[in-house]
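Listed below, chain by chain, are the residues.
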Amino acid sequence: MIFFASMYDAILAHVGQLIHLEPDEADYFTSLLRYKLLRKRQYLVQAGDVCKFDSFVVRGCLRTYFVDERGSEHVVQFAVENWWTGDLYSFLTQSPAAYNTDALEDSELLQIDQASLDELYRRVPKFERFFRILSQRAFVAAEQRVIATISQTAEERYRNFLERYPALDQRVPQHLIASYLGFTPEFLSRIRKQKTTRKP
C-alpha cells in the first residue's frame, strides 16, 4: 500500500498543478488508475493496435515513433517523469494506432482507460479542464516544433531540445535524439562537439 501511495502522490501532485481536488475526488480518481510496469524495450502500444490507455509516467523514459515505408524510424516524442504518453488519437477514437511507443528504460506507469475517463468527467467535471489544458499544451508544443523545424538552425533546435528535456541527453542514445531532431547521428555529433569546444 505504501508503494502505491507514493505513486499516487506523484500523479496527484501533477494534477494539483492545474486543478484542486477534494480528498474524496482524489480517492475516486486514483481508484480508476491501474499500475503498469514496462521493461526496457517493451511496447506500450504498437502501430496497428488500439491504444487502450492514457498513461502517466511515474518513473522511466519512453519514446513514441513511426516507421516509414523504407523502414526508417522517426521519433516524435519522448516521455519522462510527469509526462503523459501513448497514441492520443487512437486512444480517443479507439482506432488503430499510427505510432509505436516503447520503453527506453524500465518504466512505471499509471493508466486510465477510455470508459473510466468518461466516468471521471461525469463524476468530477473539473478533470475535463485538466485534460483540456494538457491537450492544448500538446497542440501548442507540436505547432512550435513544426515552426522550429522550418525556421531554426540545427544548433538552435538542439539547444531547445536540451531546454525542453533537461538531462535527457544523458538518458537517451544519441541516434534517437538525432531522429527526434531530424538529423543524422553524425551531424548531431558534430553539433555536440562544437558546443563543447565553445565552452570557456
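Computed from a prediction, not measured in an experiment: that's the story for all the values here.

Looking at the sheet that holds strand 6 (residues 84-85)
- Strand order in this open sheet of four strands is 1-8-3-6, and the pairing throughout is antiparallel. At either end of the open sheet lies a strand with only one pairing partner, and these are strand 1 (34-38) and strand 6.
- In this sheet, strand 8 (residues 107-113) lies alongside strand 1 in antiparallel orientation, the contact comprising five bridges. The residue of strand 8 that forms the bridge with Leu37 is Glu108.

So, the pairing of strand 8
- Judged by how many residues are buried, strand 8 sits mostly within the fold: six of seven residues are covered.
- Across six bridges, strand 3 (residues 53-59) lies against strand 8 in antiparallel orientation. Bridging from a neighbouring strand, Phe53 pairs with Asp113 of strand 8.

Comments concerning unusual backbone geometry
- Even without being a glycine, Asn82 presents a positive backbone phi close to 75°.
- The residue Asn82 is located in the loop between strand 5 (73-79) and strand 6 in this model.
- The class for Asn82 is partly exposed, based on a relative accessible area of 41%.
- The phi dihedral of Gln94 is positive, around 55°, even though this residue is not glycine.
- Assignment of secondary structure puts Gln94 in the loop between helix 3 (88-93) and strand 7 (100-103).

About the thresholds
Residues numbered from 1 in each chain as written. Predicted model: local features only at pLDDT ≥ 70, side-chain atom pairs only at ≥ 80, totals over all residues. Heavy atoms only, no water. Pairing = 2+ DSSP bridges. Helix = DSSP H or I, 4+ residues; strand = E, 2+ residues; numbered from the N terminus. Buried < 20%, exposed > 50% of the residue type's maximum accessible area, 1.4 Å probe, protein only.

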